[in-house]
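Coordinate inspection notes
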Amino acid sequence: MRRIRPFLWGVFSLVAASVLRDPARASCSFVYQFDEGSLTMSNPKLQALTLVGSPFTGRSMNNRFINVLGYLPTSSANYTNCFLVTGRPLAVQITPGSRSGSLLVNAPDQKMTLAWTDGTNGVPVEYNVYLGADPTNLPLAGTVSQNTFPAQNLAFGKNYYWKIDSVDIYGRDTWSLGTFSFSLAPSLSHLYCAPNPFRAGTQFTTFIFNSPGPGSARMKIFSLPHADLVFDQPLDSLTDGTNLWTYNGLDGRGQPLYNGVYMAVLELQGSQRNELQRFKFLVIK
């Protein structure tokens, strides 16, 4: 019987795993080097072959390539379609200027369209969308080919988190630049904040309100039931309509608020009229 010699060079035709995912389904031939083994050239399944320096996973068993179809001289090697010429998918981020970039969104219909930048890097991609209330354990919400995803039946005042895994036709993937978050607010008829409750000092809550024309306001926060003033801050440069203000839960001395119920009082001075709005929220540890 004829044995395989150490580090013998040969060429075989292989439809690689990455090429199989190419719509053209093109094959390629390339030079490989294999170790010495006890199998003979006549054996139809040379299971002792080990590819050296190749980016392919190929058809293998126990990390060794199988089903080699034949041997060709090195001069016959055809490297066309063997190697990927594009990089991995791009890491997406929130689409600039979209509602997805707002921490608190006015959404009476309890719907939210997530939007992110294009992750395509030379070849088509699909997006796995992960969405949920626990940022450490986000379930898969769906897979889409476009860079938007409609989320429905969401709860008001609840923190939602989401991230995107971009996967190209070769199976390579890239996660989004971070995990993003948002909360929904009902129809705006008064001052509102979310999340509510929230953890003062370690978590933020965002107030949303309407200003009757450009102007300013003063935010005062009182602890209940005794209505002790614990925070007082002016809000300048308000725009006509919807405004957002993010609060870290610290009192006037820079200390986290204690657990309990609080009343936020907003004294609005808009160009059209003045208003006084109130909203209760809860602080927890």
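Quantities reported herein were computed from a predicted structural model and do not represent experimental measurements.

**With respect to the overall build of the chain**
Along its length, the chain carries 1 helix and 22 strands. Looking at the 285 residues of the chain, the share that counts as buried comes to 40%. In the chain, once contacts between residues fewer than 6 apart in sequence are set aside, the share between residues at least 24 apart is 62%.

**Quick notes on the nonpolar core**
Counting residues in hydrophobic clusters, the biggest one holds 28 residues, and the most contacted among them are F207, M219, Y247 and F281. Broken down by element, the residue count for this core peaks at 4 residues, all from strand β21 (residues 260-270). In contact with Y247, not counting residues within four places along its chain, are F198, Q203, F204, T205, F207, I221, F231, L257 and F281. Listed in part, the 20 residues of the second largest apolar core include A107, M112, V125 and A151.

**Describing the sheet that holds strand β17 (residues 205-211)**
Spatial ordering of the open sheet is given by β15-β17-β20, a layout of 3 strands whose pairing is antiparallel. Of all the strands in the sheet, just β15 (192-194) and β20 (241-247) have a single pairing partner and so form its edges. For this sheet, the mean angle separating the axes of adjacent strands, direction not counted, is 25°. In the sheet, β15 pairs with β17 via 3 bridges, with the strands oriented antiparallel. Bridge assignment links Y192 to a residue of β17, and that residue is I208.

**Things to note about the side chain of S100**
In this structure, S100 sits in the loop between β6 (64-65) and β7 (104-106). At 3.1 Å, the side chain of S100 and the backbone oxygen of T113 are in polar contact. Ignoring any residue separated from it by four or fewer positions in sequence, one finds S100 in contact with I94, M112, T113, L114, A115 and W162.

**Some details on unusual backbone geometry**
In this chain, A194 is followed by P195 through a cis amide linkage whose omega measures 0°. Here the bond from N196 into P197 is cis, since omega is 10°, no more than 30 degrees from zero. If you trace the backbone, P197 turns up in the loop between β15 and β16 (198-199). Of note in this structure, Q110 is not a glycine but carries a positive phi near 60°. Take Q110: it is sitting in the loop between β7 and β8 (112-115).

**Describing the packing of aromatic side chains**
Inspection of every chain in the model, using the stated rule, returns 14 aromatic pairs. Ring geometry for Y192 and F279: centres 5.4 Å apart, planes at 45°, overall tilted. A residue pair is termed long-range when its members are at least 10 positions apart, and Y192 in strand β15 and F279 in strand β22 (residues 274-284) qualify at 87 residues. Taking the relative accessible area as the measure of exposure, Y192 reaches 12% and is therefore buried. With 5.8 Å between their ring centres and 20° between their planes, Y262 and F281 make a pair best called stacked. Of this pair, Y262 sits in strand β21 while F281 sits in strand β22, and the two are 19 residues apart along the sequence. Here Y262 matches F281 in class, with each residue buried. Among the aromatic residues, ring-to-ring pairing joins F198, F207, F231, W245, Y247, Y262 and F281 into one connected group. The ring of W175 has K163 sitting right over it, with the charged end atom 4.8 Å from the ring centre.

The rules behind these values
Residues numbered from 1 in each chain as written. Predicted model: local features only at pLDDT ≥ 70, side-chain atom pairs only at ≥ 80, totals over all residues. Heavy atoms only, no water. Helix = DSSP H or I, 4+ residues; strand = E, 2+ residues; numbered from the N terminus. Buried < 20%, exposed > 50% of the residue type's maximum accessible area, 1.4 Å probe, protein only. Contact = heavy atoms within 4.5 Å. Core = buried A, V, L, I, M, F, W, Y, C linked by side-chain atoms within 4.5 Å. Pairing = 2+ DSSP bridges. Axes fitted to C-alpha atoms, helices over the stretch in contact; angles between N-to-C directions. Polar contact = N/O pair within 3.5 Å; in protein donor to acceptor, adjacent residues only side chain to side chain. Phe/Tyr/Trp six-rings, centres within 6.5 Å; stacked < 30°, edge-to-face > 60°. Lys NZ or Arg CZ within 6 Å of the ring centre and 35° of its normal.

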